[in-house]
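Descriptive analysis of the structure
The residues making up each chain are set out below.
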Amino acid sequence: MKEALEHSAKTCRRRLIGGVRCFLSTPAIAPPENRAFLERPIAIIALFLALSLLVMVTSDYPLGVWMKSFPEQLRGMAKWISSLGTGLLVLSFSGALLMFAILAPAHKLRKSVRTGADLIATAAAFVFLAVAGGGIVASLAKNIIGRARPELLQTNGAFYFRPFAFHADFASFPSGHSATAGAMAMSLALVFPRLRPIFMPVGVLICLSRQWVGAHWASDTLMGWGVGVAFALWLAHAFARRRLLFAYDSNGRLRLGEQYKAILAVRRALIRRIPMVGKKATPAAKTCPSQSRPAPQTFEIRS
């Protein structure tokens, strides 16, 4: 039993290191010149910063006063919705899925199933990194900016800042929960395009719940959403430029790559219970895309 655990740990460590090296060493292609405007991280940050500053000046104070009269009967539901913004559920599931794909006996799987397992691992890693990274960036930014939370409205007002305070009472802008919600919604929408009409409204609902419980101003949640979405898009572009999971269509928009069909092969194999163990062993090492290899074609999944 001990030897099996040690072998699994070595396999996991080897494949993790190999995946990171593959990502860093793969030559990045240039993004298309007609890249969609609303999929540019800098454009998203600039747009939401302008909107949040406008809301901060015009609407934060009256909305802050209104939040104090939010019905107590609905506060429990709002707190439950707000708790989804921690990202623990998505991080746990994507992390577990990533570990499962890494520990799979790749040398015993058929080529199509092995390719699908690699893509599942890549997708899980993308979602995990997007959610974790978006939350970390927002957490660092709000502690540096140091805006007072709405609960200090009576003593400090709606526009009090204490930069570099690194205290929970002065870590309001941008909202960390909203950033995590934005990263979750955008990353999952990119991986599962058909479910985008579900993921995006749920993310917006989490942002609104942060105002209902009185934890953030409206401008905080607006900017937090922008930070999370921008980080997820930046990471998706980094993957697409290395021909990992994503690619660009003719309109310059992010789409799942052609290799995504390999995941469907895994699903069919599991549903039909087709034996996935081949007669000949194949190497478990994952080859990095070559710079001379043509970029994979893309297909659009209409939602």
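Remember, it's a predicted structure, so these values are computed and weren't measured experimentally.

Turning to the packing of aromatic side chains, a few remarks are in order. Tallied over the entire structure, the rule returns five aromatic pairs. Geometrically, the ring pair formed by Tyr 160 and Phe 170 is tilted, given 5.9 Å between the ring centres and 55 degrees between the ring planes. With Tyr 160 in the loop between α7 (153-156) and α8 (176-191) and Phe 170 in the loop between α7 and α8, this pair connects stretches of sequence that are 10 residues apart. On the basis of relative accessibility, which here comes to 29%, the residue Tyr 160 falls in the partly exposed class. We classify Phe 170 as buried; its relative accessible area is 7%. Ring geometry for Phe 192 versus Phe 199: centroids 6.5 Å apart, planes at 50 degrees, classification tilted. With a relative accessible area of 39%, Phe 192 lands in the partly exposed category. Here the aromatic residues Phe 126, Phe 239 and Phe 246 are joined through ring pairs into a cluster of three or more.

Relative to the helices and strands, Ser 187 is located in helix α8. Among the polar contacts listed, one links the side chain of Ser 187 to the backbone oxygen of Met 184, at a separation of 3.2 Å. Setting aside its immediate chain neighbours within four residues, Ser 187 contacts Phe 126, Val 127, Ala 130, Val 131 and Ala 232.

Let us look at the packing of helix α9 (residues 196-212) against helix α10 (residues 218-241). α10 packs onto α9 with a crossing angle of 150 degrees between their chain directions and a minimal axis gap of 8 Å. Relative to α10, the element α9 lies roughly antiparallel. In the packing of α9 onto α10, the handedness of the crossing is right-handed. Contacts between α9 and α10 involve Met 200, Gly 203, Val 204, Cys 207, Arg 210 and Gln 211 from the first element and Ala 218, Thr 221 and Trp 225 from the second.

With that out of the way, let us pick up the confidence of the model for the chain. In this model, the chain carries an average pLDDT of 79, and 72% of its residues clear a pLDDT of 70 or more. Within the model, pLDDT remains below 50 along residues 274-285, and this stretch shows 20 contacts once partners closer than five positions in the same chain are excluded. Segment residues 290-303: pLDDT under 50, and 30 contacts once partners within four positions in sequence are set aside and those in other chains are kept.

Thresholds applied
- Residues numbered from 1 in each chain as written.
- Predicted model: local features only at pLDDT ≥ 70, side-chain atom pairs only at ≥ 80, totals over all residues.
- Heavy atoms only, no water.
- Phe/Tyr/Trp six-rings, centres within 6.5 Å; stacked < 30°, edge-to-face > 60°.
- Helix = DSSP H or I, 4+ residues; strand = E, 2+ residues; numbered from the N terminus.
- Buried < 20%, exposed > 50% of the residue type's maximum accessible area, 1.4 Å probe, protein only.
- Polar contact = N/O pair within 3.5 Å; in protein donor to acceptor, adjacent residues only side chain to side chain.
- Contact = heavy atoms within 4.5 Å.
- Axes fitted to C-alpha atoms, helices over the stretch in contact; angles between N-to-C directions.
- Parallel < 35°, antiparallel > 145°, perpendicular 65-115°, else oblique.
- Left-handed = near helix turned anticlockwise from the far one by under 90°.
- pLDDT = per-residue confidence, 0-100.

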